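Chain residues, written in single-letter form:
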Amino acid sequence: MSKVFTALSVSVDGYITGRDPGAGRGLGDAPTLFDWYFDGDTPSGVFDGFRLSEPSARVFDALAGRVGASLVGRNTYDDSGWSAGGTPHPAAPLVVLSHRPAPQANERQTFVSTGIGDAIAAARAVAGDKDVALMGGGVVTEALAAGLVDDVILHQVPILLGGGRPFFQSLPGHVRLRLVEAIPAPGVTHLHYEVVR
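Residues numbered from 1 in each chain as written. Predicted model: local features only at pLDDT ≥ 70, side-chain atom pairs only at ≥ 80, totals over all residues. Heavy atoms only, no water.

K.L.:
Explain the packing of aromatic side chains to me, please; I cannot follow it from the model alone.
P.N.:
The geometry of an aromatic ring pair comes down to the distance between the two centres and the angle between the two planes. This model, assessed by the stated rule, comprises 12 aromatic pairs. Ring centres 4.6 Å apart and planes at 25 degrees place the aromatic pair Tyr 37 and Phe 50 in the stacked group. Pair noted here: Tyr 37 is in the loop between strand 1 (4-11) and strand 2 (42-43) and Phe 50 is in the loop between strand 2 and strand 3 (51-52), with a separation of 13 residues, a long-range link. Accessibility expressed as a relative area gives 15% for Tyr 37, which makes it buried. In this structure Phe 50 comes out as buried when scored by relative accessible area, which is 13%. Members of the aromatic cluster, connected to one another through ring pairs, are Phe 34, Trp 36, Tyr 37, Phe 38, Phe 47, Phe 50 and Phe 60. Here Arg 66 stacks its cationic end above the ring of Phe 5, 4.3 Å away from the centre of that ring. (Phe/Tyr/Trp six-rings, centres within 6.5 Å; stacked < 30°, edge-to-face > 60°. Helix = DSSP H or I, 4+ residues; strand = E, 2+ residues; numbered from the N terminus. Buried < 20%, exposed > 50% of the residue type's maximum accessible area, 1.4 Å probe, protein only. Lys NZ or Arg CZ within 6 Å of the ring centre and 35° of its normal.)

K.L.:
Would you explain the environment of Ala 7 in this entry?
P.N.:
The residue Ala 7 is located in strand 1 in this model. Along the primary structure Ala 7 and Leu 154 are separated by 147 residues, whereas in three dimensions their C-alpha atoms are 5.7 Å apart. Excluding residues within four positions of it along the chain, Ala 7 makes contact with Leu 63, Leu 134, Ile 153 and His 155. (Contact = heavy atoms within 4.5 Å.)

K.L.:
Explanation requested: the sheet that holds strand 9 (residues 177-185) in the structure shown.
P.N.:
Pairing between sheet strands relies on hydrogen bonds along the backbone, with the strands arranged either parallel or antiparallel. The strand order across the open sheet built from 8 strands is 6-5-4-7-1-8-10-9, with neighbouring strands paired in mixed fashion. With partners counted over all chains shown, the strands left at the sheet margins are strand 6 (109-112) and strand 9, one partner each. Direction aside, neighbouring strands of the sheet carry axes that sit 20 degrees apart on average. Examined bridge by bridge, strand 5 (residues 94-97) and strand 6 share 4 bridges and lie parallel to one another. Bridge assignment links Leu 94 to a residue of strand 6, and that residue is Gln 109. On top of the sheet, helix 3 (residues 116-127) reaches strand 1, strand 4 (67-73), strand 5, strand 6 and strand 7 (131-135); it is set at about 155 degrees to strand 4, its chief contact. Seen against the sheet, helix 4 (residues 137-145) touches strand 1, strand 4, strand 5, strand 7, strand 8 (151-157) and strand 10 (188-195) and runs at an angle of roughly 125 degrees to strand 7. (Pairing = 2+ DSSP bridges. Axes fitted to C-alpha atoms, helices over the stretch in contact; angles between N-to-C directions.)

K.L.:
Whenever I open this one, the environment of Ala 92 confuses me. Can you help?
P.N.:
Counting through the fold element by element, Ala 92 comes out in the loop between helix 2 (74-79) and strand 5. Along the chain, Ala 92 and Ile 159 lie 67 residues apart, while their C-alpha atoms are 30 Å from each other. Filtering out sequence-adjacent residues up to four positions away, Ala 92 remains in contact with Val 67, Gly 68, Ala 69, Thr 87 and Arg 108.

K.L.:
Explanation requested: the side chain of Thr 141 in the structure shown.
P.N.:
With respect to the secondary-structure elements, Thr 141 resides in helix 4. A polar side-chain atom of Thr 141 sits 2.8 Å from the main-chain carbonyl oxygen of Gly 137. Once residues within four sequence positions are removed from consideration, Thr 141 is found in contact with Phe 167, Phe 168, Gln 169, Ser 170 and Leu 171. (Polar contact = N/O pair within 3.5 Å; in protein donor to acceptor, adjacent residues only side chain to side chain.)

K.L.:
Whenever I open this one, the nonpolar core confuses me. Can you help?
P.N.:
Soluble globular proteins tend to pack their nonpolar side chains together in the buried interior. Grouped together as the largest cluster of nonpolar side chains are 27 residues, with contacts concentrated most on Leu 71 and Leu 134. Elements that contribute at least two residues to this core include exactly strand 1, strand 4, strand 5, helix 3, strand 7, helix 4, strand 8 and strand 10. When residues of this core are assigned to their parent elements, the largest contribution, 5 residues, is made by helix 3. Ignoring any residue separated from it by four or fewer positions in sequence, one finds Leu 71 in contact with Val 95, Val 96, Leu 97, Ile 116, Ala 119, Ile 120, Val 132, Ala 133, Leu 134, Met 135 and Val 139. Counting 15 residues, the second-largest nonpolar core is a separate cluster that includes Tyr 15, Leu 33, Leu 52 and Ala 185. (Core = buried A, V, L, I, M, F, W, Y, C linked by side-chain atoms within 4.5 Å.)

K.L.:
Even after reading the chapter, I still don't get helix 3, so can you show me in this structure?
P.N.:
Since one α-helical turn is 3.6 residues long, residues separated by three or four positions face the same way. Its 12 residues place the ends of helix 3 16 Å apart at the C-alpha level, agreeing with the 16 Å of an ideal helix rising 1.5 Å per residue. Looking only at helix 3, the buried set comprises Ile 116, Ala 119, Ile 120, Ala 123 and Ala 127. Buried residues along helix 3 cover an arc of 95 degrees about the axis, so they all sit on one side. Buried residues belonging to helix 3 abut strand 1, strand 4, strand 5, strand 6, strand 7 and helix 4. Positive backbone phi, approximately 65 degrees, marks Gly 128, located one or two places after helix 3. (Expected span 1.5 Å × (residues − 1). Arc of directions from axis to C-beta.)

So this is what it looks like as structure tokens:
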């Protein structure tokens with residue numbers, strides 16, 4: 001069965017956006033969370049225009065190659081401007097967990113309103129034999145609380161933002177992780193954890 005993972009850029013103090021994120025404002029005052037996408041000499045083999053350091057390119061492309069579908073919450077969807085039919089991955093379809101209807105029908109996007117379990121099932125159905133990538137703190141937290149996440153990857157950027165949207169929201173209990181790999185790279189440290197069940 002395909003795996004469910006999350007791999008997000010995060011500040012040392014745990015934020016995945018800066019202050020005042022939103023539609024047309026993206027990550028708010030924290031675009032530095034993604035500087036590592038463009039600060040190297042190694043082009044990504046998956047995302048056009050990304051030029052990463054060599055260690056970051058290895059990590060990034062390996063993860064991007066796993067993605068058969070992305071699953072996001074409505075805030076991430078709206079903030080990222082995907083209502084015109086865009087997706088976060090160049091080849092993978094997008095599933096959106098939302099109680100509000102889709103802004104328009106699009107063949108690369110599926111909206112699910114019946115909870116995280118159904119959203120992950122829908123994402124697995126379109127992912128084929130590849131994995132499901134979760135984006136957004138709310139979706140990740142719901143999936144962790146439901147015991148549906150296999151891997152947590154933190155692309156930890158050495159900055160304290162002091163505010164914004166946190167990666168993780170309140171969980172009903174502890175979630176134990178096992179460190180699989182830690183890869184230091186210019187401007188970011190890639191931390192791969194496996195969820196312990």
